[in-house]
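So the chains spell out like this:
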Amino acid sequence: MKYTKTLIVSSVSALAVGAAAHLQADDTLRIGVIGPTTGVFSFFGEQQRMGVELAQEELADQLEALNIEVEFYDSQGDAETTVDRLRAMESRDDIDLVVGPVLGGTGLAGLEWAKGSGMPTVISYSAPEDITMRDRAENVVRAGWTGAQPMFAFGEYVAKELGYKRIVMVGQDYSFPYNQAGGFMKTFCRAGGESVERIWHPTGTSDYSSILATLPDGDAVLYNGAGSDGLAFFQQYHDFGIDARMPLLGGSNFFAVGNLPEMGDQAIGGLSALQYAEGLESDSFLSFRDAFWAMHGDEVMPLAPAEHGYVAFKMAVSAFDSANGGDRDEVIAALRETEMPDAPRGPFHLDEYGNPVQNIYINEVQEVDGRLVNVPIRTYENVSQFGPFEAEEYLAGEPDSRDFPPSDCSDPYYD
Amino acid sequence: MNTLYFLTLNGLTMAALLFIMASGLTLAFGLMRVVNLAHGAFYLLGGYVGVQVINDTGSLTLGLLAGGCIALVGGLLMERFLLQRVRGLDLSEALMTIAVGLIIADALLVVYGGQPVSLPLSRELRAPVDLGVMMYPYFRVLIMVFALLLGILLWLVMTYTRLGAAIRAGVDDRETAMSQGINVPLLFGGVFAVASFLAGIAGVIGTSYMSLTQGLDVRVLMLSLVVIIIGGMGSLKGAAVGALITGMVSSFATGYLPQFALFFLFLPMTLILVFRPQGLFGRAA
Amino acid sequence: MKREHLLILAIVAALVAWPLLMGNYAVAQANRAMIYALAALSFSLLAGRLGWFSLCQTTFAGISGYTVAILGVRYGLPFPLVVLLALLLTTFSAVIFGLLTVRSRKVSFLMLTLALGQMVWALSFQWVDVTGGYNGIAGVRMPVYGGVDLNDTRIFYVMVTTVTVAIFLAMWRLYRSPFGLLLLGIQENEQRMRALGHPVALARFSAFVLAGAIAGVAGVFLVYDMGIMSPSPLGLGHAVWVLTAAVLGGYRSLLGPAIGVAILITLETLVAQYTDRHMMVIGLVLLLSILLMPRGLAEVLEQRFKRKSKPQASVTTTTRGE
């Protein structure tokens, strides 16, 4: 009998706890921010959190007036954990709007969940293009980018301005780099390029010496990846002196998300493209950066994930503001109308699919005040997620994959 | 032809690093049937601390020693205060090393953050030297030389010293060795400490070309396990041969079929398991 | 009525009451807990009966999950067929893994399962054309039958609970069956069992395949619960998580793994409010369980409650390695 007793006691107490958790008063609006604050990708989650905290401070009065509270959740960079936290937000913590997730895989998991739940969601740094393309959902918008978006500009720049004809691209073998390659090749090949040879390696490869040993010849090498893989590739590329033979270009995250101090002076002159640059000199950027430093200390450089978190949070608050409360449909409608004339990265608005139409900067690594930063040397304005293409035409085409688009620029596909 | 030399040298570099990792692991296993699944975490620990010391002092030697020593201290503490409590329950010991590995890796994440780290080497060390057949970065040559010297040293110790004889006796038959007055637990503590030291050093050495990052601990541990499964658990010779096979397969597979590199890496192990489960130089159970 | 029957009734009553009384999130948590309880049961079948500690049971769950995702989303096969094929394929891979590992013992078994599990994990990362690589395969949904959406948290709960309870009951029978006793016997003294003419290798192999199939069931529910299949459930972290739950709860008893999972999930939810260091928490829980209660919580509780009942057949799983 004791078992039964224990069980009854424990289930009653569990019930009480559960009920207590459910009895939150409800004219408060709650924003849930989710990102990987632990694990391998904690850098991204930490940056986002710092960006959101800055926005919170700046909007303190408005948050109070609208009665908005903010909760932070750790996705651990893991799809399953992300879904679990999102469920907790909706049915335990009574969250009204989600900011995040940050990474590619967690973004797709978040989208999948958001479709079922209808929760207004502002995806921040997560870049799979189908989030705002083939799998788009009315209640999901994005404050960031698609993988191909900055590369449309970069492909054109590399072909036209640098005059390179043949590119060797070494990249991490998964969909984000495929998408970056796709964006690059679609403009590069149409702007005078001849070929892009792709070499894919498994994510998490740490020894590139053998890939470098069999590297084909070209006008330049583009490393299409980032993180520890990118740093190791960069290091070994220079160890074997290949930089003397072919210059090294970067995918969007290569120089942009925190590896520069580790790369050192050899990175100077490195080119890549992104919708953000920490070397911007516009007033809106400088005030963002100075406020960020005042809050978090100036040894931390605000990078794109921080700005995207900051902007995503501001989008959320202004949607609540113009919807005048928590009505879901009105909030979603307001989100989709977002215009950000003075975002730190530069002005942007959302296209009808919910992705920013924004500036893309061609960035060069330079040393400024004793630290390495990405300084924009060329700006392409109003680039959408479809680049130079019509939305319908782009969506009707084949999605980017490991070997699409074709390597050879004379392929009829590019006509 | 040049490519062939290049790939071979790359394979040798990798084999060298793997041997440094696997030699201690396999000896400790042979002696006490304890597999240290925190070995990868010690690699990470040694690497982070070593790189920090090198950044602070500018001395590579100090960094290597610091990396090795911190892992040694970690290994000793774990052996004294945790493993000895469950001595003899070999599965509990293995599970305990998993737990310690998790804790160390997470603690390192708190201290050093999630961003990858690289080792600042001087220009002279990075510069290529002429090996007769091709130019190859100097520090990579040094890694190979170091592993070779380590292998020779371990072999000499194992073959010609009383200590080595005692270890061999312990590996062959622990009960008999103990009855002959050999203090196997003490010996084990020593071997375990040396193994941890080598893992820490490997962490610093490996960071000279592979960036150090969270998650690398598991990958390095995996590779070390593959090496000793191929070579035979407990066999030093096996560790050397296993490291060579794994290094070469990895290098050539990455060179010619990078997409399937990992698959090829596990292929020799699977074949060994099917045809010779005790490993190339292991004794049948 | 026997004490055991009372216990079963009480558990079933609690499982029926839970969705009626609790909010959506608590029900979703219970779903997850039961899925992981199945995975931990799969682990415990090997660890508790045979003294075989496997780090690849979550791998079987992953293989099953990927099969569901690939066949269901990519090829659009009907739901019952998808589930059937997933279980078949998982069982088949358990057969292969079983053949590779059946000759190894104790620590080398642990290492082998670790290596094999990580190999599949690496494959799930790399075989992008099939698995979708790092991003995985999204959009895994259960169908809607006659207006009933099987994806609904509470309806999903009914399915998971039914299957989980059924499997636990079956294991309850199996643990007492001659086969279950044979496994214990093998663990205690393999030579004697062989001398008595029992098919030792076959019994061991069958247990491994059975455990794989149970993990396969967990995998089917896992993927439908998440809606997306990515490599992370195959990673070492998940394998260690399941192992920790089983060790904490007590892998020798039937309910131990379920208790361990429930505690671990509760603990994680509580701890998440104070700290991000969840890996460290898992590590500490594992460490403390081994140090303080090597036989697991279930047996600690059992000894509390059972004063006069006959002592359990003593099982020494981990003798000195040889």
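Residues numbered from 1 in each chain as written. Chains lettered and ligands numbered in written order. Predicted model: local features only at pLDDT ≥ 70, side-chain atom pairs only at ≥ 80, totals over all residues.

Draft legend 1. Representation of the overall build of chain A in the model. Helix and strand counts for chain A stand at 14 helices and 14 strands. For 415 residues, the compact-globule formula gives about 22 Å, and the C-alpha radius of gyration of chain A, at 23 Å, lands near that figure. Along the three orthogonal principal directions, the C-alpha set of chain A runs to about 75 × 55 × 45 Å. Here chain A holds 415 residues, and 59% of them are scored as buried. Within chain A, contacts between residues at least 6 apart in sequence are counted, and of these 73% link residues at least 24 apart. (Helix = DSSP H or I, 4+ residues; strand = E, 2+ residues; numbered from the N terminus. Rg over C-alpha atoms; globule rule 2.2 N^0.38 Å. Buried ≥ 20, exposed ≤ 12 C-beta atoms within 10 Å, placed from the backbone. Contact = placed C-beta atoms within 7 Å.)

Draft legend 2. A look at the overall build of chain C. The secondary structure content of chain C amounts to 14 helices and four strands. Radius of gyration (C-alpha) of chain C: 19 Å, near the 20 Å computed for a compact globule of 322 residues. In terms of overall dimensions, chain C has C-alpha extents of about 55 × 45 × 40 Å along its principal axes. Expressed as a percentage of its 322 residues, the buried residues of chain C come to 52%. For chain C, the share of sequence-separated contacts (at least 6 apart) that also reach a separation of at least 24 residues comes to 77%.

Draft legend 3. Looking closely at the packing of helix H4 (residues 90-112) of chain B against helix H13 (residues 278-292) of chain C. Closest axis-to-axis distance for the H4 of chain B/H13 of chain C pair is 8 Å, and the angle between their directions is 155°. With respect to H13 of chain C, the axis of H4 of chain B lies roughly antiparallel. Every pair of crossing elements has a handedness; the one defined by H4 of chain B and H13 of chain C is left-handed. Across the interface between the two elements, Ser92, Leu95, Met96, Ile98, Ala99, Leu102, Ile103, Asp106 and Ala107 of chain B from H4 of chain B touch Met279, Met280, Ile282, Gly283, Leu284, Leu286, Leu287 and Ile290 of chain C from H13 of chain C. By residue class, the composition of the contact of H4 of chain B with H13 of chain C is 14 nonpolar, two polar and one charged. (Axes fitted to C-alpha atoms, helices over the stretch in contact; angles between N-to-C directions. Parallel < 35°, antiparallel > 145°, perpendicular 65-115°, else oblique. Left-handed = near helix turned anticlockwise from the far one by under 90°. Nonpolar A, V, L, I, M, F, W, Y, C, P; charged D, E, K, R; others polar.)

Draft legend 4. Expanded view of helix H6 (residues 138-160) of chain B. Residues and elements named next belong to chain B. Between its first and last C-alpha, H6 extends 32 Å over 23 residues, near the 33 Å set by a 1.5 Å rise per residue. Among the residues making up H6, those that are buried are Phe139, Arg140, Ile143, Ala147 and Leu154. Against the buried residues of H6 lie helix H1 (2-32), helix H5 (123-126), strand S2 (135-137), helix H9 (184-207) and helix H11 (236-256). (Expected span 1.5 Å × (residues − 1).)

Draft legend 5. Layout of the interface of chain A and chain B. Contact with chain A, which involves 32 residues of that partner, is made by 31 residues of chain B. Of all the elements in the fold, those that place two or more residues in the side of chain A that touches chain B are helix H2 (42-58), strand S7 (195-201), helix H8 (209-213) and helix H9 (227-239) of chain A. In terms of residue count, the dominant contributor to the side of chain A that touches chain B is H9 of chain A (seven residues). Across the side of chain A that touches chain B, the residue classes break down as 11 nonpolar, 17 polar and four charged.

Draft legend 6. Looking closely at helix H3 (residues 60-81) of chain B. Helix length check: H3 of chain B (22 residues) gives 32 Å between terminal C-alpha atoms against 32 Å at 1.5 Å per residue, within 8%. Gly63, Leu64, Ala66, Gly67, Gly68, Ile70, Ala71, Leu72, Gly74, Gly75, Met78 and Glu79 of chain B are the residues of H3 of chain B that are buried.

Draft legend 7. Layout of the sheet that holds strand S3 (residues 97-99) of chain A. Residues and elements named next belong to chain A. Strand order in the open sheet formed by five strands is S2-S1-S3-S4-S5, and the pairing between neighbours is parallel. With one partner strand each, in any of the chains shown, strand S2 (68-74) and strand S5 (140-142) form the two edges of the open sheet. Pairwise comparison of adjacent strand axes, ignoring direction, gives a mean angle of 20° for this sheet. (Pairing = 2+ DSSP bridges.)

Draft legend 8. Seen up close, the UniProt feature "domain: Leucine-binding protein" (unreviewed entry) in chain A. Here the UniProt-annotated "domain: Leucine-binding protein" (unreviewed entry) positions come out as residues 28-366 of chain A. Helix makes up 42% of residues 28-366 of chain A and strand makes up 19%, while its end C-alpha atoms are separated by 46 Å. (UniProt positions renumbered as here; feature names shortened; annotations may be inferred.)

Draft legend 9. Just the interface of chain C and chain A, in detail. Contact residues are listed per partner, giving 32 residues for chain C and 33 residues for chain A. When residues in the side of chain C that touches chain A are grouped by element, the largest group, six residues, is from helix H1 (residues 3-21) of chain C. Partitioning the side of chain C that touches chain A into residue classes produces 19 nonpolar, 11 polar and two charged.

Draft legend 10. Geometry of the domain arrangement of chain A. Residue and element names in this part refer to chain A. When cut into domains, chain A gives domain 1 (26-145 + 282-353) and domain 2 (148-274 + 359-414). If you average the C-alpha positions of domain 1 and of domain 2, the two centres end up 27 Å apart. Contacts between the two partners involve 15 residues from domain 1, matched on the other side by 14 residues from domain 2. Of the residues belonging to the side of domain 1 that touches domain 2, the class tally is eight nonpolar, three polar and four charged. (Domains from an automatic or database assignment.)

Draft legend 11. Here's a closer look at the packing of helix H2 (residues 39-57) of chain B against H9 of chain B. Residue and element names in this part refer to chain B. Packing of H2 against H9 brings their axes to within 7 Å, and their N-to-C directions diverge by 55°. Taken together, the axis directions place H2 and H9 in an arrangement best described as oblique. Crossing handedness for the pair H2 and H9: right-handed. Only Ser196, Ala199, Gly200, Ile201, Ala202, Gly203, Val204, Gly206 and Thr207 of H9 make contact with H2, whose side of the interface consists of His39, Phe42, Tyr43, Leu44, Leu45, Gly46, Gly47, Gly50 and Val51. For the contact of H2 with H9, the class distribution of residues is nine nonpolar, nine polar and no charged.

Draft legend 12. Quick look at the pairing of strand S8 (residues 220-224) of chain A. Residues and elements named next belong to chain A. Counting buried positions along S8 gives four out of five residues, so the element sits mostly inside the fold. Bridging between S8 and strand S9 (residues 248-250) involves three bridges; their strand directions are parallel. In the sheet register, Leu222 faces S9, and the bridge partner there is Leu249. Each parallel crossover has a hand, and the one from S8 via H9 to S9 is right-handed. (Right-handed = clockwise from strand over helix to strand, strands pointing away.)

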